[in-house]
Amino acid sequence: MYQVEMFSGFVVFVCCALHEVALAYPNGQISPSCSNMLPVHGAVSPNNGAAPFSVSASNTSYTAGDRITVTLQANSGFTFKGFLLQARTTTGDAIVGTFSVTDANTQGLPCNSVTNSAVCHKSSSKKSKVTAVWVAASGKGDVRFRVTFLQDYSTFWTRVESQTIQARAPVSATGSALPQDTTESTTSPIGHQNALAISTDLCGKQKTCFSNPAGCDPSTSATCILMSIAPASGGGFAFEMSGSPGGGYVAVGFSDDTLMGNDDIYGCVLTSSGNIDVQRVFSSGRSISASLPLGNTVEYKSTSYTNGVIKCSFISRNNISTQARAATQQEFYLFLGYGPSESGNIGIHSKIPAISTGKVNILAFTVVGATNPSRLIHAHGALMLIAWMTTGSLGMICARYLKSAAKKPVLGKNLWFQAHMFLMVLSVIATIIAFILAFVSQMGWSGGAHPVLGCIVMVLSFFQPILALFRPAPNAKRRFIFNWGHSLNALVIKVLAVAAIFLGLQIMDTSSTKWMDKVMGGFLGWEALIYIVFEIHARVKTKDFSEEPTKGVKTEMFFFLIYTFGNLAFLIALLVGIGASDFNSN
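On a predicted model such as this, the values are computed, not experimentally measured, just so you know. Throughout this document, residue positions are counted from 1 along each chain, in the order its sequence is written. With the structure being a predicted model, the display of local features is reserved for residues of pLDDT at least 70 and the display and counting of side-chain atom pairs for 80 or more, all residues being used for whole-chain, interface and lining totals. Calculation of side-chain values draws on the structure's entire complement of heavy atoms; hydrogens and water are dropped beforehand.

S.K.: Help me out: how do you make sense of helix 6 (residues 555–580) in this one?
M.R.: Quick reminder: α-helices carry 3.6 residues per turn. Residues three or four places apart thus point the same way. Elements are defined by DSSP. Helices are runs of H or I of four residues or more, strands are runs of E of two residues or more, and each kind is numbered from the N terminus. The span expected for a helix works out to 1.5 Å for each residue beyond the first. Here helix 6 is 26 residues long and its end C-alpha atoms lie 38 Å apart, about the 38 Å a rise of 1.5 Å per residue gives. Buried within helix 6 we find E556, F559, F560, Y563, T564, G566, N567, L571, L574, G577 and I578. Partly exposed residues are those whose accessible area sits between 20% and 50% of the maximum for their type, while under 20% is buried and over 50% is exposed, using a 1.4 Å probe and protein chains only.

In structure tokens, the structure reads:
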């Protein structure tokens, strides 16, 4: 038997027995080694040389509830068959905290009758790297991870230690340091007359912050949208949120990617009774597909609703992610948004949320930067309006009504045909560029039916000019099939494009009057009127068999010019509206 060794530090230990000897434990069930971290291999002594293995931690400090990833790594050319990992205090050498098993090569071990207070190997297979997640306990002081590595039955190293992980004072939801083991009281959500004090003073120092516009401070700007997160006393996370000018809700989403959907969301919501309620939901696209019960795992700290701005601070002891694949995850893309509440619940955001520029370690105390896709979406919307309010519409008019008025040959083709082809090619090019911009902005499928219609328009628009290259000769027997197909496809494209534009304007137009939708409706009325005028003129002209004078401006060209100027007026109004929209910035 071996004497119990006392170690100082935060301990990660690895101990593995693997040899076909009765006292070896190739399956990792090595509870007899819990105290001294030595394998029960008879009279075999540990190797006193430098170990070809190391142990490292993802954090250099901790507070209660922190989840720290611990990595056991073999040097190049080496492997280990067994290990024992513990966390021990630098003062008192006590085993502290518990582990969450995340590696298939590892298993938890109950030391001192505490489940998963250590981690060890699961088999005697050769390993070069394993990881585990340590869940910190409160009030235990500085620690080290200590490991025993077993290369083979007679060769092992003990007391392989990580750097010291310093105990850090817990941080309250308002950013002030709390004494160890302090438990915050739970209160009911209520509204307050005085604004809750939330600022960026401790951002990057004691809490991770994400704001829109970047660098704004809610203590000095009523339009600043901000969330902060920090480890909370007793485990969990302390949240602060400020924003939602005009009421509704302010929320932060945690995602594995930059696309909306399959995200965990926390929000502070103004209810119909004037209270501020904390809600936790899971989203699917732009829809809130599942509302998750809070139970006793959320503690309200303080809330306020003053001058149309929601502010709240609370502690959640839930895992950030509701998904089993990410239950121990600490790094996420962050979404920060707000909008009107729906029956007292988190609804669809009124503006496209700000998105972090990369995955964020939520416990790393950083100030998070945000992407700003609004300009790309502005360009996307502008190009689609130009394509299907102006160039596409004018190109269709040329083909249908200007054949007799613009017959002058240009480069071997009639003027009406050259104008039609030029305008439609511009429409296709603008549609392709707009399509690309929508995806570069990383909106994904967050617009509901809008991106679906956009994709259909994109596909049909792309093939329209290609099919036109194979049109039969004007006098060909089956030319009428091409004419009907070409015209029908153009009509479908136009209808779907207009529907997509209406849906897109609903996303962009954040005004209370929704005036851009009304302008678009006016444009449709204007376009219908012009088509009726053109059609009546064409029928009358055919019936009378009258020929207009060869000189001067023909009636069709006069109508065409009026139509062009009208379209440009509606287009300019909507372009101004898109440029002035601030759906992603404040």
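S.K.: Looking at this structure, how should I read the confidence of the model for the protein?
M.R.: Scored between 0 and 100, pLDDT is the confidence that the predictor attaches to each residue. In the predicted model, the protein carries a mean pLDDT of 76, and 76% of its residues have values of at least 70. Predicted confidence is poor over residues 1–24, with pLDDT under 50, and the contacts of this stretch with residues over four places away or in other chains come to 135 contacts. By definition in these notes, contact holds between two residues if any of their heavy atoms fall within 4.5 Å. Taken together, the stretch residues 442–447 has pLDDT below 50 and engages in 18 contacts with residues farther than four places along the chain or on a different chain.

S.K.: Even after reading the chapter, I still don't get the pairing of strand 14 (residues 237–243), so can you show me in this structure?
M.R.: Side chains on a regular strand alternate between the two faces of the sheet. Burial analysis of strand 14 places 7 of its 7 residues in the buried class, which makes it a mostly covered element. Burial along strand 14 is two-sided: F237, F239, M241 and G243 facing one way and A238, E240 and S242 facing the other are all buried. Hairpin remark: strand 13 (residues 225–231) followed by strand 14, antiparallel, with 5 residues in the connecting loop; positive phi at G234, about 80 degrees. In this scheme, strands are said to pair when DSSP sees at least two bridges between them. Relative to strand 20 (residues 309–316), strand 14 runs antiparallel, the two sharing 7 bridges. In the strand pairing of strand 20, G243 is matched with I310.

S.K.: For this particular structure, what's the right way to read the state of the cysteines?
M.R.: Covalently bonding the sulfur atom of one cysteine to the sulfur atom of another cysteine gives a disulfide. Sulfur atoms of two cysteines make up a disulfide when they are within 2.5 Å. Under the definition given, this model contains 4 disulfides. The residue that forms a disulfide with C203 is C209, at a sulfur-sulfur distance of 1.9 Å. Taking the sign of the S-S torsion, -80 degrees for the link of C203 and C209, the bridge is left-handed. There is no split in this pair, since C203 and C209 are both buried. The disulfide partner of C268 is C312, and the gap between their sulfur atoms is 1.7 Å. Judged by the torsion about the S-S bond (60 degrees), the C268/C312 disulfide is right-handed. Taken together, the residues C268 in strand 16 (residues 263–270) and C312 in strand 20 connect sequence positions 44 residues apart. Summarising the burial analysis for this pair, C268 and C312 share the class buried. Each bonded cysteine in the protein gets a number by its place in the sequence, and the pairs come out as 1-2, 3-4, 5-6, 7-8.

S.K.: What should I look at first to understand the environment of P472 in this one?
M.R.: Assignment of secondary structure puts P472 in the loop between helix 3 (449–468) and helix 4 (479–508). According to the relative accessible area criterion, P472 is partly exposed, its value standing at 27%. The spacing of P472 and F482 is 10 residues in sequence and 7.5 Å in space, taken between C-alpha atoms. Leave out the neighbours within four places in its chain, and P472 touches R478, R479 and F482.

S.K.: How should I be thinking about the pattern of salt bridges in this particular structure?
M.R.: Where charged atoms of side chains with opposite charge meet at close range, the side chains can pair. Every case where a carboxyl oxygen of Asp or Glu lies within 4 Å of a side-chain nitrogen of Lys or Arg is listed as a salt bridge. Considering all chains together, one arrives at 9 salt bridges under this definition. The shortest N-O distance in the salt bridge between E161 and R144 comes to 3.9 Å. Here the residue E161 occupies a position in strand 10 (residues 155–161), and R144 occupies one in strand 9 (residues 143–152), the gap between them amounting to 17 residues. Relative accessible area serves as the criterion here: at 21%, R144 is assigned to the partly exposed category. Among the salt bridges present, the one from E161 reaches R146, with a minimum N-O distance of 2.8 Å. Taken as a pair, E161 in strand 10 and R146 in strand 9 lie far apart in primary sequence, 15 residues in all. Classification of R146 by relative accessible area gives buried; the value is 0%.

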